[in-house]
Amino acid sequence: MGQVALRGVSKHFGAVEAVRDFDLEVEDQEFLVLLGPSGCGKSTVLRIIAGLEDPDRGTVVIGDRAVNDVEPKDRDIAMVFQNYALYPHMTVGRNIDFPLKCRGMPKPERAGLVASAAEALGLTTLLDRRPAQLSGGQRQRVALARAIVRRPQVFLMDEPLSNLDAKLRVQTRTELIELQRRLTTTFVYVTHDQIEGMTMADRLAVMNEGALEQVAPPAEVYAHPASLFVARFIGSPPMNTVTGTPARLDGELGIGTSGGQIPLSPAQRQAVEASAATTIAVGMRPERLTIGTTGPLPATVAVVESLGAEHHVICRLTDDQEVIVRIGTDAAVPEEGAAVRLDFGVEHLHLFDATTGDRIGR
Amino acid sequence: MGTEPSVAALAPGFTTALFAVAGIVVVAVLLRVASRHGTPLRRRRATKVSRYLLLVVLGVIVLFPIYITVVNSLLAPDQIAQRPPLLFPTHPEWSTYATAWTSGHLGRYLMNSFIVTVAIVVGTLVTSIAAGYAFAFLEFPFKRTIFVVFLATMMVPLEVTFFTNLQTVVSLGWYNSYLALIVPFLATGFGAFLMRQAFLGLPGELRDAAKIDGLGHLRFMTRIAVPLARPAIAALGLFAFFSAFNQYLWPLIVTKNDQYRTVQIGLKILSRSQISTINVTFAGIVLAFIPLFVLLLVFQKQLIRGLTAGAVKG
């Protein structure tokens, strides 16, 4: 079966720690997306699973066996690379056929598999072309066909859509999701694009500086980011964070910022009191904020960006911290320069220890 | 020596040629200067014309010696001595070629040259590909140091190693044999360097993909790396061919008779034996040159691609 597990995996490149104490379990037939900014170690994790890098410490399990000492070819995986890694001197047909040929499969058997892989990805008419004669999207499909032709347990994909233009990326994204459903195989997919992660993943594994920040379904990651990093990384426009200290106003604990006092719910108050945090980052999703004449935070409207389906209102708090508010097109758009007040439901606030980045409360 | 052309006799011809070349260069420079003025279209045209003029001049300079060799091979000896020199054979004497071939034993010499050259080219390619691949894709102790030593051999001129090599060859009992002509040139630092660069130009992802497909180093080298490095291999093959084919001093020293002597020595012997019929020597030179010319025509695309390989990522 196509489970993948990394247990206590670490990897150094010279003095740089690319992956540290990494624990991850990928279920059979799951679409897991490793998401993180460039240089966070996500590609290294993928290469460790593939066997292209050896971990310094830890165990890699694919199916039900530890594969640390197993050659890449014997791990029953297929990998799709960012630049496709098609063999330029071979035709599309030979590219798809090559992995089978390398494994010594007899020709008649191979021909059938190549034909069905090519058909699955709409490449039947392109089999005699060379990669250089194909568009980016077609090359991507050849790379996918080459991966699926062997029917491996696990597919590893390293930013496979990043070289496609925006429109084709959306289309290929859908095709990939459909492909995964059809193949019912495990996908481990690396990307720095949070939209890809949010739309494709059964579960997201968000990485930062070689470590896992959170592993959860996309909706959960969005609604309850486990750390300040995840909160700021997921969401477009990103979550607003305002930094302050625990302070009492009229006897009730809230977060005092130089821009105003932020009230808390009873549960949040308890969580803040229970934590040792001295500085607290309060996170507010742009769509959870409203602009009006009442509310705890006074602000000035700096810029209004109209995106057609919505507006992004960029406000400046009295202490110059910037806050983005997302409003629908049917809502009243404030004038630039207007003095307003920002309101929010306290239940939508996210609290983090500003020093450690850890989430406070649920 | 009546037939030996003196510098003074050549002078008028050379002066004319020099004037012609200088004139064209001056026109090209003037056009270049003019190209800075006038409408954009005119400027572009002037630039183009001056560029072509310059290329024509360079082309003439490069091709003229070859042309005059062919012409001289078809003239009678007294016509060659004529001043001003004849630039076109009015009554071509084709018999010179037959004479050169038979009396100069060019067949034997050319055969030797081909045996030696082909062996050197094949050997150089095999060793360069293997060494270049090792430097590009394998990890082994002292890799950098060994590579620098390889490069250092490129800085040592042949003359420095000449006597050591000669002693080695003689002590191995290879004097006057194909082995003496071939073995010292089977591996070059330049070849290893060129192939290393070509292999380093291949995307790293190809090696990764091949690993997942189950290709070991040998199969990756033969199935993927070598086919993709074809332009560099062709260029290296041509360089090896030319330098092996044009060797003179080494084959002269390590051979003692016609059985192993190569065509360059054959030409020297021909010129000595045909002092009064210098046109036969010229014919011999043309005959020795033809194989190179054909090779150049066939492989010129690869040669240019090899020289510029890696300059532009494609």
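Residues numbered from 1 in each chain as written. Chains lettered and ligands numbered in written order. Predicted model: local features only at pLDDT ≥ 70, side-chain atom pairs only at ≥ 80, totals over all residues. Heavy atoms only, no water.

**Considering the overall build of chain B**
Move 1: Across its full length, chain B holds 15 helices and 0 strands.
Move 2: For chain B, the C-alpha radius of gyration of 25 Å lies well beyond 20 Å, the compact-globule estimate for 314 residues.
Move 3: Viewed in the frame of its principal axes, chain B has a C-alpha envelope of about 70 × 70 × 35 Å.
Move 4: For chain B, the residues scored as buried account for 37% of the 314 residues in total.
Move 5: A sequence separation of at least 24 residues applies to 71% of the contacts in chain B between residues at least 6 apart.
Move 6: With the model as given, the accessible surface of chain B reaches about 18100 Å², and the carbon-plus-sulfur share is 72%.
Move 7: For chain B, the separation between the mean place of its 25 positive charges and that of its 9 negative charges on side chains is 11 Å. (Helix = DSSP H or I, 4+ residues; strand = E, 2+ residues; numbered from the N terminus. Rg over C-alpha atoms; globule rule 2.2 N^0.38 Å. Buried < 20%, exposed > 50% of the residue type's maximum accessible area, 1.4 Å probe, protein only. Contact = heavy atoms within 4.5 Å. Areas by Shrake-Rupley, 256 points an atom, 1.4 Å probe, with all protein chains shown as cover. Lys, Arg positive; Asp, Glu negative; His and termini not counted. Charge placed at Lys NZ, Arg CZ, Asp CG, Glu CD.)

**Some thoughts on the domain arrangement of chain A**
Residue and element names in this part refer to chain A.
Move 1: The domain boundaries assigned to chain A delineate domain 1 (4-232) and domain 2 (238-360).
Move 2: For domain 1 and domain 2, the distance between their C-alpha centroids amounts to 38 Å.
Move 3: In this assembly, 10 residues from domain 1 lie in contact with 11 residues from domain 2.
Move 4: Interface area for domain 1 against domain 2, summed over the two sides, is near 900 Å², with a carbon-plus-sulfur share of 50%.
Move 5: Counting the surface domain 1 buries against domain 2, the share from its top three residues, Tyr-222, Leu-228 and Arg-232, is 56%.
Move 6: In this assembly, domain 1 and domain 2 are joined by 0 salt bridges.
Move 7: Across the contact surface, domain 1 and domain 2 share 6 residue pairs in polar contact (both at pLDDT 80 or more).
Move 8: Every element with two or more residues in the side of domain 1 that touches domain 2 is listed here: helix H7 (218-223) and helix H8 (228-233).
Move 9: Residue composition of the side of domain 1 that touches domain 2, grouped by class: 7 nonpolar, 2 polar and 1 charged. (Domains from an automatic or database assignment. Buried area = accessible area lost by both parts, 1.4 Å probe. Salt bridge = Lys/Arg side-chain N within 4 Å of Asp/Glu carboxyl O. Polar contact = N/O pair within 3.5 Å; in protein donor to acceptor, adjacent residues only side chain to side chain. Nonpolar A, V, L, I, M, F, W, Y, C, P; charged D, E, K, R; others polar.)

**Quick look at the sheet that holds strand S6 (residues 77-80) of chain A**
The pairing of strands in a sheet happens through backbone hydrogen bonds and is either parallel or antiparallel.
All names here are of chain A.
Move 1: Pairing is mixed in the open sheet, where 6 strands are placed in the order S6-S7-S8-S3-S9-S10. Both edges of this open sheet fall to S6 and strand S10 (211-216), since each of them pairs with a single strand only. Averaged over all adjacent pairs, the angle separating strand axes in this sheet is 15°, with direction ignored.
Move 2: Sheet topology places S6 next to strand S7 (residues 154-158); 4 bridges connect them, and they run parallel. Within S7, the residue paired with Ala-78 across the bridge is Phe-155.
Move 3: The strands touched by helix H5 (residues 166-183) are strand S3 (31-35), S7 and strand S8 (186-191); relative to S8, the strand with the most contacts, the crossing angle is about 160°. (Pairing = 2+ DSSP bridges. Axes fitted to C-alpha atoms, helices over the stretch in contact; angles between N-to-C directions.)

**A word on the sheet that holds strand S11 (residues 240-249) of chain A**
Residue and element names in this part refer to chain A.
Move 1: Read across the sheet, 6 strands follow the order S13-S12-S11-S14-S20-S21 without closing on themselves; strand pairing throughout is antiparallel. Looking along the sheet, the strands with just one partner apiece sit at the ends: strand S13 (260-263) and strand S21 (359-360).
Move 2: Pairing of strand S12 (residues 252-257) with S13, which is carried by 4 bridges, proceeds in the antiparallel orientation. Bridged to Thr-257 within S13 is Gly-260.
Move 3: Strand contacts of helix H9 (residues 266-274): S11, S12, strand S14 (280-284), strand S20 (350-353) and S21, with the helix running at about 75° to S12, the strand carrying the most contacts.

**Brief notes about H9(A)**
Residue and element names in this part refer to chain A.
Move 1: For H9, every residue scored as buried is listed here: Gln-268, Arg-269, Ala-271 and Val-272. In an axial view of H9, the angular spread of the buried residues amounts to 165°, which keeps them on one side of the axis. Summarising the geometry of H9, the exposed residues directed more than 90 degrees from the buried face are Pro-266, Ala-267, Gln-270, Glu-273 and Ala-274.
Move 2: At its buried positions, H9 is contacted by S11, S12, S14, S20 and S21. (Arc of directions from axis to C-beta.)

**Some points on the interface of chain B and chain A**
Move 1: Counting residues at the interface gives 15 residues for chain B and 23 residues for chain A.
Move 2: Buried area between chain B and chain A, both sides added, is near 1600 Å², and the carbon and sulfur share of it is 63%.
Move 3: Its largest share of buried area at the contact with chain A, chain B owes to Glu205(B), Ile212(B) and Asp213(B), together 42% of the area lost on that side.
Move 4: Between Arg47(A) and Asp208(B) there is a salt bridge, with the nearest N and O atoms lying 2.6 Å from each other.

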